[in-house]
Amino acid sequence: MRLRRARSGRPLEPPRREALGRRLSATAARCRRALCDITRWLSRRRRVAADQFLRGACYGAGTAVVGLLALWLQTR
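Residues numbered from 1 in each chain as written. Predicted model: local features only at pLDDT ≥ 70, side-chain atom pairs only at ≥ 80, totals over all residues. Heavy atoms only, no water.

Student: Looking at this model, I keep getting lost on the overall build of the chain. Mind explaining?
Tutor: Looking only at helices and strands, one finds two helices and zero strands in the chain. Considering the chain as a whole, with its 76 residues, one finds that 1% of them fall into the buried category. Counting only carbon and sulfur atoms, one obtains 61% of the accessible surface of the chain, whose full area is about 7,500 Å². (Helix = DSSP H or I, 4+ residues; strand = E, 2+ residues; numbered from the N terminus. Buried < 20%, exposed > 50% of the residue type's maximum accessible area, 1.4 Å probe, protein only. Areas by Shrake-Rupley, 256 points an atom, 1.4 Å probe, with all protein chains shown as cover.)

Student: Help me understand a nonpolar patch on the surface, please; the structure alone is not making it clear to me.
Tutor: Together, I38, W41 and L42 line one region of the surface with nonpolar side chains, adding up to about 310 Å² of accessible area. The topology assignment puts I38 in helix 1 (residues 15–44). (Patch = residues over 30% accessible without salt bridge, like charges linked within 9 Å, V, L, I, M, F, W, Y side chains within 5 Å. Salt bridge = Lys/Arg side-chain N within 4 Å of Asp/Glu carboxyl O.)

Student: Just checking my understanding: could you explain the pattern of salt bridges for this structure?
Tutor: Charged atoms that come close allow side chains of opposite charge to pair. This structure, assessed with the given rule, holds two salt bridges. Linking R47 and D51 is a salt bridge whose minimum nitrogen-to-oxygen distance equals 3.7 Å. Residue R47 and its partner D51 are located together in helix 2 (residues 46–75), separated by four residues, close to a single helical turn.

Below, the structure is given as structure tokens:
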């Protein structure tokens, strides 16, 4: 493909490359916006997630204690 040269002597970019660059930058902007939205959503729900994790850990510890107690009673 032959490229025309600008007055400065540098070859001109084909128009499709410019369009591709614009599409890529628009896609990058959408991804960046989505990432910011997800980060904001996670930061708002961090406290709820920590509470749920603590609740799950407590339920797991309670289940383990009851299971070990039952095992101890059966072997005794």
